Amino acid sequence: MAPAAAVAERIELAKLCSSKDWSKAIRVLDSLLSQSCGVQDLCNRAFCYSQLELHKHVIKDCNKALQLDPKLLQAYILKGRAFSSLGRKEEALSVLEQGYEHAVCQSADLKQLLELEDLLKIAKENGSCQNGTMETSELSFPARGSVVSRSSEISDNHVKSNGKNQPSSKLSKQIEAHNKLQNGSSTDVRGESVLVSQPNQKDESHPTETNVTHTKLMGKPILDDSSESGTGSSMVYGESSDFPDICSDSFSLSDIHNELMDEANRSKKFCVARISKSKSINVDFRLSRGIAQVNDGKYAYAISIFDKILQEEPDYPEALIGRGTAYAFQRELHAAIADFTKAIQSNPSAGEAWKRRGQARAALGESAKAIADLTKAMEFEPNSADILHERGIVNYKFKDYKAAVEDLSACVKVDVDNKSAYTYLGLALSSLGEYRKAEEAHMKAIQIDKSFLEAWTHLTQFYQDVANGERALQCIREILKIDGRFAKAYHLHGLLLHGTGEHRNAIKELSIGLSIDSSSIESLYLRASCYHAIGEFKEAVKDYDAALDLELDSMEKFALQCLAFYQKEIALYTASKFNTEFSWFDLDGDIDPLFKEYWCKRLHPKNVCEKVYRQPPLRDSLRKGKLKKQEFSLTKQKAALLQAADSIGKKIQYHCPGFLPNRRQYRMAGLAAIEIAQKVVKVWRSLQTEWKISTKGASKHGKKVRRKEKLNPPSFNRGGAGCSTSSFLESSTSSSAEDKPYGRPSLPWHAIYSLAVKWRQISEPCDPIVWVNKLSEEFNSGFGSHTPLILGQAKVVRYFPNFPRTFNVTKAVIKENKYVHNKKDHLINLYENGKLQEVMNAESCSDLHRVVGEDFWLATRCNSMTVEGKRLEGTRISLEKTDQMGYDFAIKTPCTPSRWDDFELEMTSAWEALCDAYCGENYGTTDFDLLENAREAILRMTYYWYNFMPLSRGTAVIGFVVLLGLFLAANMEFTGKIPEGVQVDWEAILEPDPHSFISSVKSWLYPSLKTNTSWKGYPDVASTLETTGLVVAALSTYSD
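Residues numbered from 1 in each chain as written. Predicted model: local features only at pLDDT ≥ 70, side-chain atom pairs only at ≥ 80, totals over all residues. Heavy atoms only, no water.

## What to know about the overall build of the protein
For the record, the criterion: Only runs of H or I of at least four residues qualify as helices and only runs of E of at least two qualify as strands under DSSP, and these elements are numbered from the N terminus. In this scheme, a residue with accessible area under 20% of its type's maximum is buried, one over 50% is exposed, and one in between is partly exposed, where area comes from a 1.4 Å probe on protein chains only. Computed with a 1.4 Å probe, the accessible areas rest on the Shrake-Rupley method; for each residue, only the protein chains presented here act as cover.
Across its full length, the protein carries 45 helices and 16 strands. Within the protein, the fraction of its 1040 residues that count as buried is 58%. Total accessible area on the protein stands at roughly 42400 Å², and carbon and sulfur atoms take up 50% of it.

## A short note on unusual backbone geometry
Peptide bonds are, in most cases, trans, and in most cases residues other than glycine have a negative phi. Phi at K818 is positive, roughly 70°, even though this residue is not glycine. Mapped onto the elements of the fold, K818 is located in the loop between α36 (803–817) and β10 (819–821). One non-glycine residue, N833, adopts positive backbone phi at about 55°. Along the polypeptide, N833 turns up in the loop between β11 (827–829) and α37 (835–841). For N833, a relative accessible area of 70% puts it in the exposed group.

## Thoughts on the pairing of strand β13 (residues 871–881)
Defined as follows: We call two strands paired when DSSP finds no fewer than two bridges between them.
With seven bridges joining them, strand β12 (residues 856–863) and β13 adopt antiparallel strand pairing. Among the inter-strand pairings, W857 is bridged to a residue of β13, identified as S878. In the sheet, β13 pairs with strand β14 (residues 887–894) via six bridges, with the strands oriented antiparallel. In the strand pairing of β14, K881 is matched with Y887.

## Quick word on helix α38 (residues 845–852)
Test applied: To obtain the arc, one takes the directions from the helix axis to the C-beta atoms.
Listed as buried for α38 are C845, L848, H849, V851 and V852. Down the axis of α38, the buried set is contained in an arc of 160°. They therefore lie on one face.

## Regarding the pattern of salt bridges
Basically, it comes down to this: Here, a salt bridge means any Lys or Arg side-chain nitrogen found within 4 Å of an Asp or Glu carboxyl oxygen.
A full pass over the atoms with the stated rule returns 41 salt bridges. Three or more residues joined by partner-sharing salt bridges are found here, namely E352, K355, R356 and D386.

## So, the confidence of the model for the protein
The condition that has to hold: For every residue, the pLDDT score states the predictor's confidence, bounded by 0 at the bottom and 100 at the top. Note on definitions: a residue-residue contact is assigned when non-hydrogen atoms from the two residues lie within 4.5 Å.
Summary statistics for the protein give a mean pLDDT of 80 and a share of 78% for residues scoring 70 or more. Note that residues 128–279 has pLDDT below 50 and, in this model, 360 contacts with residues that lie over four places away or in other chains. The low-confidence segment residues 702–739 (pLDDT under 50) makes 73 contacts with residues lying over four places distant or belonging to another chain.

## A look at the packing of aromatic side chains
How we decide: Centres within 6.5 Å are what make two rings of Phe, Tyr or Trp a pair, Trp counting through its six-membered ring; a difference in plane orientation under 30 degrees is then read as stacked, over 60 as edge-to-face, and the rest as tilted. Look at NZ for Lys and CZ for Arg. If either is within 6 Å of the ring centre and within 35 degrees of the ring normal, a charge sits over the ring.
Here the structure, examined in full by the defined rule, presents 37 aromatic pairs. Where Y943 meets Y944, the ring centres are 5.1 Å apart and the plane angle is 75°; that geometry is what we call edge-to-face. Overall, the relative accessible area of 0% leaves Y943 in the buried class. When its relative accessible area of 0% is taken as the criterion, Y944 is described as buried. Ring-pair connections join several aromatic residues into one group, and the members of that group are W749, Y753, W771, W900, F903, W945 and F948. It is K758 that lies over the ring of F582; its NZ or CZ is 5.6 Å from the centre.

## Quick look at the nonpolar core
Our working definition: For our purposes a nonpolar core is just a set of buried Ala, Val, Leu, Ile, Met, Phe, Trp, Tyr and Cys residues, chained together by side-chain atoms within 4.5 Å.
Counting 168 residues, the largest nonpolar core has W684, W759 and W911 as the members making the most contacts within it. If one sorts the elements of this core by residue count, helix α33 (residues 663–700) sits on top with 14 residues. The residues touching W759, leaving out its near neighbours within four places in the chain, are F582, M668, L671, A672, E675, V1021, L1025, V1031 and L1035. L287, L425, A445 and A794 belong to the second-largest nonpolar core, a separate cluster that totals 104 residues.

## Comments concerning the pairing of β14
Taking burial as the measure, the eight residues of β14 include six buried ones, the bulk of the element. Looking at chain direction, strand β8 (residues 784–792) and β14 are connected through eight bridges and run antiparallel. Bridge pairing in β14 links H786 to K892. Hairpin connection, β13 to β14: the antiparallel pair is bridged by five residues.

## As for the environment of Y301
Along the chain, Y301 falls in helix α12 (residues 299–312). The partly exposed category is assigned to Y301, whose relative accessible area is 36%. Along the backbone, Y301 and G290 are eleven residues apart, and their C-alpha atoms lie at a distance of 7.8 Å.

## Some details on the side chain of N802
We count it as follows: As used in this structure description, the phrase polar contact means that two N or O atoms lie within 3.5 Å; if the pair is within protein, one of them must be able to donate a hydrogen and the other to accept it, and residues adjacent in sequence are counted only when both atoms belong to side chains.
Residue placement: N802 occurs in the loop between β9 (794–795) and α36. A residue is classified by how much of its surface remains accessible, and N802, at 11% relative accessible area, is buried. At a separation of 3.5 Å, a polar atom in the side chain of N802 contacts the side chain of Q983.

## Side note on the environment of T882
The residue T882 is located in the loop between β13 and β14 in this model. The class for T882 is partly exposed, based on a relative accessible area of 36%. For the pair T882 and G792, spaced 90 residues apart in the sequence, the C-alpha separation amounts to 6.0 Å. Aside from chain neighbours lying at most four places away, what touches T882 is G792, Y887 and D888. Among the polar contacts listed, one links the side chain of T882 to the backbone oxygen of G886, at a separation of 2.8 Å.

## Here's the deal with the packing of helix α25 (residues 521–533) against helix α27 (residues 555–576)
Convention followed: Every axis in this analysis is a line fitted to C-alpha atoms, fitted for helices over the stretch in contact. Angles between the N-to-C directions lie between 0 and 180 degrees. Should an angle lie under 35 degrees it is considered roughly parallel, over 145 roughly antiparallel, and from 65 to 115 roughly perpendicular; all remaining angles are considered oblique. For any pair of crossing helices, the crossing counts as left-handed if the nearer helix is rotated counterclockwise from the farther one by less than a right angle, and right-handed if it is rotated clockwise. In the scheme used here, Gly and all other residues not listed as nonpolar or charged are polar, with Ala, Val, Leu, Ile, Met, Phe, Trp, Tyr, Cys and Pro taken as nonpolar and Asp, Glu, Lys and Arg as charged.
Packing of α25 against α27 brings their axes to within 10 Å, and their N-to-C directions diverge by 20°. Viewed along their axes, α25 and α27 adopt a mutual orientation that is roughly parallel. Relative to α27, the crossing made by α25 is left-handed. Only K557, L560, Q561, L563, A564, Q567, I570, A571 and T574 of α27 make contact with α25, whose side of the interface consists of I521, E522, Y525 and H532. Across the contact of α25 with α27, the residue classes break down as seven nonpolar, four polar and two charged.

## Overview of the environment of R361
Looking at where R361 falls in the secondary structure, it is placed in helix α15 (residues 351–363). With a relative accessible area of 14%, R361 lands in the buried category. Between the C-alpha atoms of R361 and V394, which are 33 residues apart in sequence, the distance is 10.0 Å. Setting aside its immediate chain neighbours within four residues, R361 contacts I337, E366, K369, A370 and D373.

## Thoughts on the packing of helix α20 (residues 435–448) against helix α21 (residues 453–465)
In the contact formed by α20 and α21, the axes pass within 9 Å of each other and the chain directions differ by 155°. When the axes of α20 and α21 are compared, the pair comes out roughly antiparallel. In this structure, the crossing between α20 and α21 has a hand that is left-handed. Here α20 contributes Y435, A438, E439, H442, M443, A445 and I446 to the contact with α21, which in turn contributes A455, W456, H458, L459, F462 and Y463. Split by residue class, the contact of α20 with α21 holds ten nonpolar, two polar and one charged.

Structure representation (structure tokens):
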């Protein structure tokens, strides 16, 4: 800037301060500071902010000034007074002590030394201006010398000005001047004097906070952002975030509009001393009144105040910002953005307007524009902790976790005590899979404020997501120590208990939470599903109906409402089957295919209501006696059966992040495995009888029965891997039915798996587990399972550990095939221009996507053992670019009719191979070596099941349950545990054939297989737990 222009601005600044036009003076200082950040101008602007009682802005500018000059006494004085005005007595005392130490050492400005001495004495003696006293300091301007401060210390009897007592009649004059400004009224909108300060009622340095920032105005929270936003959970399971939460969050920590929050919450009224009759002072006073009304939640009244100001000065930036903020709180976001835009046009240097508009745009979902505005605001306040915090939150909300980590990390470097920034940093880090750092960030927030509920809440969810239930429970207890009526804590406890199979205890915790907050759809839906699972259908239906009746404010909650509709129908169906045999419980056969499809996809139930038969109401089941309560007497026989089931079922546990131990699922798995073994043994006994008859007949006619040979490694001479003609399983399954010594087994393979499916359906009814081929016509278009490893930038806690191996398999398949498929299933050839080498060099999703040039998918190798040389379509691996920030990397398995037919043949062949391996001359043996063919046949069947993925979900656990049951039937019990980090279904998916799969698991599986026939003494599951009601009771009854 030219020297003449600079001098002109200085002169204009002095005139504005002389006429007490503080808002315009701040605009001039904004302009000067945008050109050169001078320490004196920072103090000048802090002083101007103090005249408008914008104390947080004062503190911010003083902090910047002290960074430039740590010995600047003026900054300590202004900052100390600002803290005093905010009621933050300890911080005021600390700042004044620091300033006094510097003043004593340098002794350069004796007047400021004495002023600090007086202030420090008052702070120590009177509790840092406890009775509403306020002082201001002189402030020098480079161009004009000094300007005397506007106000003095106001007390009940006297007013001090620069250390001199003056008659209290001056207070009367101020009240008179105020009355004139308010058209004769000496009271504010609540009928109280605006010049009388009240003692501090509440220490606002530690506000009560929930999941984001739970700031209360007049008893009403500005924000209410639940942990289900995102994530509910910081861990990623594929849920989408919702913009209404962002809207709430965007204006939580505003500087201008929350500056007077502390006074409002303490019923402390604003003091305006030495009010002149000039128009500018009147405008500034009305501006402060408007800000106060916003802080009190009286948005309409605040808007009317700002409207009057803008009638006189249509381009007044501060009034536009104030009105825009009020509009934003009323969710009138477009009107808010219009005001912020006009403020920017009036004063392009108004950093606050840029920030506010960025927040409003974030609330509308305009992420790119929001980030651009907040970035522009950073130009006016470089390294502003506040803006870095805001932008970090917006980046997190829009799933740019890397940018969020960058912003929030920079924020906590500048503002080391920003607890909110630390907990959002924890959320972003956990989304990126940086779990240790995420835990440290949450713990740092708690270290700053041990009563910070938001940090405790997110830390609880973090531990639940990584399956550390013990620590999650510790956090919940800490939350309840802080606030025993914090409803979210009871929901989290209920969620933890539900996840570990403690449904009855979950109901107790959720009921306490609902007694505090009856409108929590998350708690209502979860309690309904718990009642549903334990067979208390009347209470379940009541809760489902309550969830359906709620008025909602987000899409995530609406999805729960849709699920409540579907779950209620399933509850009514189960109630109608409660007193019938469990074999009659048949969701796949009885429930309409369209209903099941909409249920799995969580679609709006409108079409279902119109087209699908609805279940009879609960009163019909009660009237017909179908819901008669059944007593579950725990006899010695039943107790032994349940104990054995618990022991067998716990073997299904994956020891990986994200998989909580669940006793209800253990019992389900054990009972299912025992029932499968009992039914399979009956089939094998019948087949063995046929084999004996056939053998006798063959011997009588002089024919030698072919012995079953050991399963040999695959031959690579013809047809590729897994196509050896010498393989036992291959030779035994490729022979015709006429060559077999007996007929086909009476129990088909899918009937065995259906037993496990039924047990899984009844054990956890809120999971939509159905056979895909029993859905509607969508089956023909390839509907199937979808398991993400990466969503955008987020690493899915359960499945990302499989990413490195899956990524390498992807590259290997591309190298072998030399092509992939695009979204339209067209081939993309990659054999030219060195692309295959680039594929092999790729180290990330972005590298691979760049080489291919568009979204694509490929199928893993899955070699047939039934048809020589045939390759089945295994699991599809897909890579899709989500936006500029990340990629979705997932496995998808569309179960089209042709694919279904291929795997149907493979599963049938594998099941017959198992029957052939066990029902011959080695039938009933307990010789481990003689059972090798049976072991390998069971694993072959398991391999194809996992690659088939014929269920909407639950394929992994059901596959392992059937494996346990088949091993029991063959006199082998798995007595060990799945190794840490191993997910058996992924072992199968990523191997090209059964032989490779067997090799990958036999090292830990076979040593833990022990021959055992004791299970044959267990009571028959089907007759002991004959009805659906008894099954539910068995899953819900525990002795401890």
